[in-house]
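# Observations on the model geometry
Listed here are the chains, written in short residue letters.
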Amino acid sequence: MTRIYLDNNATTQVAPEVVEAMMPYLTANFGNASSIHWFGQQARNAVEKAREQVAKLIHARPGEVIFTSGGTESDNASIFGVILAARAATRHVITSAIEHHAVLNTAQAAEKLGVSVTYVRTGPGGVVDPDDVKRAIRPDTVLISIMHANNEIGAIQPIEEISRIALEHDIFFHTDAVQSIGKIPVDVEKLGVDLLSLSAHKLYGPKGVGAMYIRRGTILKPLFYGGHHERDHRPGTENVPGIVGLAKAAELSLAHLGEDAERVRELRDRLEQGILERVPRASVNGDASRRLPNTSNLCFDHVEGEGFVIAMDLRGVACSTGAACSSGTVEPSHVLSAIGRTADQARSSIRLSLGRYNTSEDVEAALEIFPDVVERLRSISPHYKPVGARAQGR
Ligand code: PLP
């Protein structure tokens, strides 16, 4: 069976060029970047070159890039880093209800330690209103953390407007750019952020490595204690092959971003339009005009999302729901709930996320399979009545 991968927001295939760049650091160049001998120096040079490359991707200075184990660590280190460095009197954080759990659960952990957190809501499009952020500011607000683009519906947030508000009020501003990196331009100067999280495996790099941008002058405490790696921000022997892989992925992204995005947008639109034309009672979740070029989140009335993903997988198509399965029950996605979808609508939604390696053949094949799977699942739903069924007395 030919397999079609439409889950690029979960993770991406590692680019062959990335594998090739990493190989020497998994074999002959195995040195510890802190060692002063030749082996160590090979590794050190590779890490510092990688820092320059990642800095170039986001328009930062190399000294403002710190390597981490991925998006989750970068989010935790940014949020807790600022909170721990703040005076006890300034411990209010503003974030949004549609953040990834790497931010939401970090904010909730901070609340348990006495930090006060405001979760701003969004409208039905899934976009935060900067005025809501402004209204949430208190004299003790120390940090605003709003994601650049949402992982489930792709909604792009007004980061530049929010950063102006943060600057006016002298509040640190962090953005989780894990989903936007590699899909749309990410420029820390234009965005005006103090802290930014990114992860290699969402941009055709390896898993378990990422980076954190820390604007010069941002005061934060480290999460971990150990050696003096990464300018004391992040102790631990550097993951040299992973860092080299991230840098190669960043280089490829810089070279191909425009053409990748346009090609993927065209494929996404063809897939989405094709589904909406072929499948009755289907709708797009979130603001279709202000979202990542690769993401489509669709609601199919009376189709249970998890069942749909399994049925699609059996036909060779990998997609996902936004739902988190906890203790045996499928919780409706917090993002879809936050944008005002009912629990039933959220449970009937699926996410399609395309990427660099998808082809028009993938789209055509998926379009053959989709209507069939939806129809079959609806035919066994006790609640679904086809349009006109009542009139026909069925
Ligand atoms: N933030 C967002 C928006 C994400 O989509 C993800 C991963 O899905 C993460 C953070 C976590 O990144 P990582 O898997 O590198 O820990």
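Read on for an overview of the structure. What you are looking at is a predicted structure, and each value in this text was computed from that prediction instead of being measured. (Residues numbered from 1 in each chain as written. Predicted model: local features only at pLDDT ≥ 70, side-chain atom pairs only at ≥ 80, totals over all residues. Heavy atoms only, no water.)

## A look at the environment of Thr342
For the record, the criterion: Secondary structure elements follow DSSP: runs of H or I of four or more residues count as helices, runs of E of two or more count as strands, with numbering from the N terminus.
Among the structural elements, Thr342 can be located in the loop between α10 (334–338) and α11 (343–347). Sequence separation between Thr342 and Glu238 is 104 residues, and the spatial gap between their C-alpha atoms is 45 Å.

## What to know about the site of the ligand
Heads up, the rule is: One heavy atom within 4 Å of a molecule or strand makes the whole residue count as near it. The term polar contact refers here to a pair of N or O atoms within 3.5 Å; inside protein, the definition further demands a hydrogen-donor-capable atom paired with an acceptor-capable atom, and it admits residues adjacent in sequence only when both atoms are side-chain atoms. Note on areas: Shrake-Rupley with a 1.4 Å probe; residue coverage comes only from the protein chains shown.
Taken together, 13 residues lie near the ligand, and Gly71, Thr72, Asp176, Ser199 and Lys202 sit nearest. Contact between the ligand and Gly71: an oxygen atom at 2.8 Å from a main-chain N or O atom of the residue. Interatomic distance of 2.6 Å between a side-chain N/O atom of Lys202 and an oxygen atom of the ligand. Contact with the protein chains hides 85% of the accessible area of the ligand, taken as 390 Å² for the molecule alone.

## Points about the packing of aromatic side chains
This is how it is decided: For Phe, Tyr and Trp, where Trp contributes only its six-membered ring, two rings pair if their centres lie within 6.5 Å, and the inter-plane angle classes them as stacked under 30 degrees, edge-to-face over 60, or tilted in between. A 1.4 Å probe rolled over the protein chains alone gives each residue an accessible area, and that area as a share of the maximum for its type sets the label: buried under 20%, exposed over 50%, partly exposed in between. Consider the ring centre and the ring normal. A charge sits over the ring if Lys NZ or Arg CZ is within 6 Å of that centre and within 35 degrees of that normal.
For the structure shown, the criterion picks out six aromatic pairs. Measuring from ring centre to ring centre gives 5.3 Å for Trp38 and Phe39, while their planes differ by 90°; the resulting arrangement is edge-to-face. Given a relative accessible area of 52%, Trp38 falls into the exposed group. Judged by relative accessible area, which is 35%, Phe39 ranks as partly exposed. An aromatic cluster is present here, built from Phe30, Trp38 and Phe39 joined pairwise through their rings. For Arg356, the ring lying beneath its charged end belongs to Tyr204, and the centroid distance is 4.1 Å.

## Quick word on the layout of surface pockets
If you roll a probe as big as a water molecule over the atoms, it shows you where there is empty space left. Cut-off, in case you're wondering: The way it works is a 1 Å grid over only the protein atoms, where trapped points that fit a 1.4 Å probe form a cavity and open points with protein on both sides within 12 Å along at least five of seven lines form a pocket, and then any residue with an atom within 4 Å of a point lines it. Grid points are joined across faces, edges and corners, and a volume is the space filled by probe spheres set on the points. Note on residue categories: nonpolar means Ala, Val, Leu, Ile, Met, Phe, Trp, Tyr, Cys or Pro, charged means Asp, Glu, Lys or Arg, and polar means any other residue, Gly included.
One number sums up the size of the largest pocket: a volume of about 390 Å³. Lining the largest pocket are 19 residues, with Val142, Asp170, Ile171, Phe172 and Asp194 positioned closest to its centre. Mapped by element, the contributors of at least two residues to the lining of the largest pocket are α3 (71–85), β5 (141–145), α6 (159–168) and β6 (172–176). Sort the elements by how many residues they give to the lining of the largest pocket and α6 lands first, with three residues. Of the residues contributing to the lining of the largest pocket, the split by class is 11 nonpolar, four polar and four charged.

## A word on the pairing of strand β8 (residues 210–214)
The condition that has to hold: DSSP bridges decide pairing: two strands pair if at least two such bridges lie between them.
Burial within β8 is extensive, with five of its five residues counted as buried. Side chains Gly210, Met212 and Ile214 of β8 all project onto a buried face; the interleaved residues Ala211 and Tyr213 project onto the opposite face, where all are buried too. Across five bridges, the pairing between strand β7 (residues 195–199) and β8 is antiparallel. Residue Ser199 lies in a different strand from β8, and its bridge partner there is Gly210.

## Considerations on helix α4 (residues 101–112)
Spelled out, the test is: Helix span is expected to be 1.5 Å times the residue number reduced by one. In what follows, residue pairs with any heavy atoms lying within 4.5 Å of each other are defined as contacts.
A rise of 1.5 Å per residue sets the reference length of α4, with its 12 residues, at 16 Å; its end C-alpha atoms lie 16 Å apart and thus fit the reference within 8%. Within α4 the residues assigned to the buried category are Ala102, Val103, Leu104, Thr106, Ala107 and Ala110. The inward-facing, buried residues of α4 abut α3, β3 (92–96), β4 (116–120), β5, β6 and α10. Trailing α4 by a residue or two, Gly114 shows a phi angle of about 100°, which is positive.

## Quick word on the nonpolar core
Inside soluble globular proteins, nonpolar side chains tend to come together where they are buried. To keep it simple, the criterion reads: Residue types Ala, Val, Leu, Ile, Met, Phe, Trp, Tyr and Cys, when buried and joined through side-chain atoms within 4.5 Å, form a set referred to as a nonpolar core.
Residues Ile58, Phe67, Ile144, Ile146, Leu196 and Leu246 are the most contacted members of the largest nonpolar core, which totals 53 residues. The contacts of Ile144, once residues within four sequence positions are left out, are Ile94, Val133, Ile137, Ile162, Ala166, Ile171, Phe172, Phe173 and His174. With 28 residues, the next largest nonpolar core counts Ala282, Val363, Phe370 and Leu377 among its residues.

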